[in-house]
Amino acid sequence: MSRDQKFFDMYSLVIGVLAAIALAILVLTMKMQDLTQDVYVRDAAEYQQAVLSRIQPVGQVYLPGEQHSAAAPTVTTPAQPEPVATVMTGPQVYNSACSACHGAGIGGAPVLGDAAQWVERISQGDETLKRHAIEGFTGSAGYMPPKGGRLDLSDAEIESAVDFMVGEVN
Ligand code: HEC
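Quantities reported herein were computed from a predicted structural model and do not represent experimental measurements.

*Asks:* Before we move on, could you go through the coordination of the iron atom of the ligand and cite the residues and values that matter?
*Replies:* With distances of 2.0 Å, the protein atoms coordinating the iron atom of the ligand are His 102 (NE2) and Met 144 (SD). Geometry at the iron atom of the ligand is octahedral, judged from the six donor atoms that bind it and their angles of 86 to 179 degrees at the metal. Within this pair, whereas His 102 is found in helix H3 (residues 90-102), its partner Met 144 is found in strand E2 (residues 143-144), the two being separated by 42 residues in sequence. Its relative accessible area of 9% is what places His 102 among the buried residues. Accessibility expressed as a relative area gives 22% for Met 144, which makes it partly exposed.

*Asks:* Pulling in residues and values, what's your account of the site of the ligand?
*Replies:* Taken together, the neighbourhood of the ligand is formed by 28 residues, with Cys 98, Cys 101, His 102, His 132 and Met 144 sitting nearest. In the model, a nitrogen atom of the ligand is placed 2.8 Å from a nitrogen or oxygen of the His 102 side chain. Its atoms largely coinciding with the cavity grid, the ligand occupies the largest pocket. Within the residue set of the shell around the ligand, elements represented by two or more residues are H3, helix H4 (115-123), helix H5 (126-135), E2 and helix H6 (155-169). Taken together, the residues of the shell around the ligand sort by class into 17 nonpolar, nine polar and two charged.

*Asks:* Describe the pattern of salt bridges, listing the residues and the values that go with them.
*Replies:* Applying the stated criterion across every chain yields a total of four salt bridges. Ionic pairing is found between Lys 130 and Asp 126, a salt bridge with its closest N-O pair at 3.7 Å. A residue pair is termed a helical-turn pair when its members lie 3 or 4 positions apart in one helix, as Lys 130 and Asp 126 do in helix H5 at four residues. Given the relative accessible area of 16%, Lys 130 is considered buried. Overlapping salt bridges, with partners in common, bring together Asp 126, Lys 130 and Asp 163 in one network.

*Asks:* Hey, could you go over the environment of Asp 43 for me, with residue numbers and the actual values?
*Replies:* In this structure, Asp 43 sits in the loop between helix H1 (3-36) and helix H2 (45-55). Of the residues examined, Asp 43 reaches a relative accessible area of 67% and is grouped as exposed.

*Asks:* So, H6: which residues are in play, and what are the values?
*Replies:* Here H6 is 15 residues long and its end C-alpha atoms lie 22 Å apart, about the 21 Å a rise of 1.5 Å per residue gives. Turning to H6, the residues buried within the fold contact H3, H4 and H5.

Reading the values: the criteria
- Residues numbered from 1 in each chain as written.
- Predicted model: local features only at pLDDT ≥ 70, side-chain atom pairs only at ≥ 80, totals over all residues.
- Heavy atoms only, no water.
- Donors = N, O, S within 2.8 Å, 3.2 Å for Na, K, Ca; no water.
- Tetrahedral: all angles 85-135°; square planar, octahedral: opposite > 155°, others 65-115°.
- Helix = DSSP H or I, 4+ residues; strand = E, 2+ residues; numbered from the N terminus.
- Buried < 20%, exposed > 50% of the residue type's maximum accessible area, 1.4 Å probe, protein only.
- Near = heavy atom within 4 Å.
- Polar contact = N/O pair within 3.5 Å; in protein donor to acceptor, adjacent residues only side chain to side chain.
- 1 Å grid on protein atoms, 1.4 Å probe; cavity = no way out; pocket = protein on both sides within 12 Å on 5 of 7 lines; lining within 4 Å.
- Sits in = over half its atoms within 2 Å of the grid points.
- Nonpolar A, V, L, I, M, F, W, Y, C, P; charged D, E, K, R; others polar.
- Salt bridge = Lys/Arg side-chain N within 4 Å of Asp/Glu carboxyl O.
- Expected span 1.5 Å × (residues − 1).
- Contact = heavy atoms within 4.5 Å.

Quick look at the structure:
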């Protein structure tokens, strides 16, 4: 066998194998397209539906008397968290509502922690003190407004402030 003949045989073989591989790839590609791309068959009903839903207008106009095809949108308001009723502690109430007068004895208010000014008042008893704090009280020293003017505070908060003030004396 001549060298040329041998080369020619080899060459044909390689070309043949490459052609077979190319054909195999082509067939495989077509098969894969069949398996995966069928949505894109343009006249498939599913495909048409998908296109229509993608290009449909954002809004629609209904003339009076026309039946609305879409249900009225339901507006859902997110549940609001219940406002937490914060109860202030005695010292907190004192600082925000009572210290203005009782801190320095403004208008004759008995000064916080000043035993001499408190002993007699405390001897009236807790209940009277609390009632005077809640309802207001006018004595010989001056005018104590109901709840110190903070009518937004609860009775319990005023009572805990009184407890705090009485506790400061001892
Ligand atoms: C505007 C000033 C003022 C504020 C604010 C105020 N007080 Fe008074 N308070 C007075 C005065 C004045 C007296 C003394 C009244 C008297 O005996 O003549 C008094 C007296 C009192 C007494 C003694 C009552 C008695 O029977 O002797 C208590 C208890 C009291 N206050 C609690 C409070 C508490 C609690 C607060 C805050 C929630 C508060 N006060 C805020 C002015 C004030």
